[in-house]
Amino acid sequence: MSHTSEWKCRLHLFEDDGITKARLVLDTGTTELTGHGTARCGPGDADVPEIGDELAAGRALNDLARQLLRIAERDIEDVGAARPDTGEIAAWSL
């Protein structure tokens, strides 16, 4: 069975008063998920906006990844397979 699809992501970064916020929107064509992440510049830290962007974006990606894994695990259960009970990430056997 062959399958091809394209999912689109939009990453929005906002910075205000030393706090960077990221919002990552994934559009699968049938559903839309949003991941969020933040980063704070500490009082003794140098103000390097790129670092805040990287941290906030990475955390938004992490949030989105966790959401996708939870959805996949539910979908796996829906087709009759058991959810892993070892804390491991669900995977299809090869």
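What this report covers is the structure whose coordinates are included nearby.

So, how was this worked out
- Residues numbered from 1 in each chain as written.
- Predicted model: local features only at pLDDT ≥ 70, side-chain atom pairs only at ≥ 80, totals over all residues.
- Heavy atoms only, no water.
- Salt bridge = Lys/Arg side-chain N within 4 Å of Asp/Glu carboxyl O.
- Helix = DSSP H or I, 4+ residues; strand = E, 2+ residues; numbered from the N terminus.
- Buried < 20%, exposed > 50% of the residue type's maximum accessible area, 1.4 Å probe, protein only.
- Expected span 1.5 Å × (residues − 1).
- Contact = heavy atoms within 4.5 Å.
- Polar contact = N/O pair within 3.5 Å; in protein donor to acceptor, adjacent residues only side chain to side chain.
- Pairing = 2+ DSSP bridges.
- Axes fitted to C-alpha atoms, helices over the stretch in contact; angles between N-to-C directions.
- Patch = residues over 30% accessible without salt bridge, like charges linked within 9 Å, V, L, I, M, F, W, Y side chains within 5 Å.
- Areas by Shrake-Rupley, 256 points an atom, 1.4 Å probe, with all protein chains shown as cover.
- Lys, Arg positive; Asp, Glu negative; His and termini not counted.
- Charge placed at Lys NZ, Arg CZ, Asp CG, Glu CD.

1. A word on the pattern of salt bridges
In the structure shown here, the tally under the stated rule is one salt bridge. Put simply, R10 and E32 hold a salt bridge, and the shortest N to O gap is 3.8 Å. Of this pair, R10 sits in strand β1 (residues 8-16) while E32 sits in strand β3 (residues 32-40), and the two are 22 residues apart along the sequence. What makes R10 partly exposed here is its relative accessible area of 38%.

2. Quick notes on helix α1 (residues 49-78)
Counted at 1.5 Å a residue, the expected span for α1 with its 30 residues is 44 Å, and the 43 Å between its end C-alpha atoms agrees. Those residues of α1 not exposed but buried are G52, A56, A57, A60, D63, L64, Q67, E73 and I76. On its buried face, α1 is in contact with β1, β2 (19-27) and β3. Phi for G80, located one or two positions after α1, is positive at around 100°.

3. Quick look at the side chain of T28
By the element assignment, T28 lies in the loop between β2 and β3. In terms of polar contacts, T28 uses its side chain to reach the side chain of T30, at 3.3 Å. What T28 contacts, discounting residues up to four positions off in sequence, is E6 and W7.

4. Things to note about the environment of R10
Separated by 14 residues in the primary sequence, R10 and L24 have C-alpha atoms spaced 5.7 Å apart. Beyond its immediate sequence surroundings of up to four residues, R10 is in contact with R23, L24, V25, D27 and E32.

5. A closer look at the sheet that holds β3
Reading across the sheet, the three strands line up as β1-β2-β3 and stay open at both edges, with antiparallel pairing between neighbours. What marks the edges here is a single partner per strand, and that holds for β1 and β3. Each neighbouring strand pair of the sheet contributes to a mean axis angle of 15°, computed without reference to strand direction. Where β1 meets β2, nine bridges bridge the pair, whose relative direction is antiparallel. Residue pairing for β2: C9 is matched across the bridge by L26.

6. Some thoughts on a negative patch on the surface
Together, E15, D16, D17 and D47 make up a negatively charged patch on the protein surface. Tracing the backbone through its elements, the reader meets D17 in the loop between β1 and β2.

7. Side note on a nonpolar patch on the surface
A contiguous nonpolar patch, built from V48, I51 and L55 and spanning about 230 Å² of accessible area, is present on the exposed surface. Position of L55 relative to the elements: it lies in helix α1.

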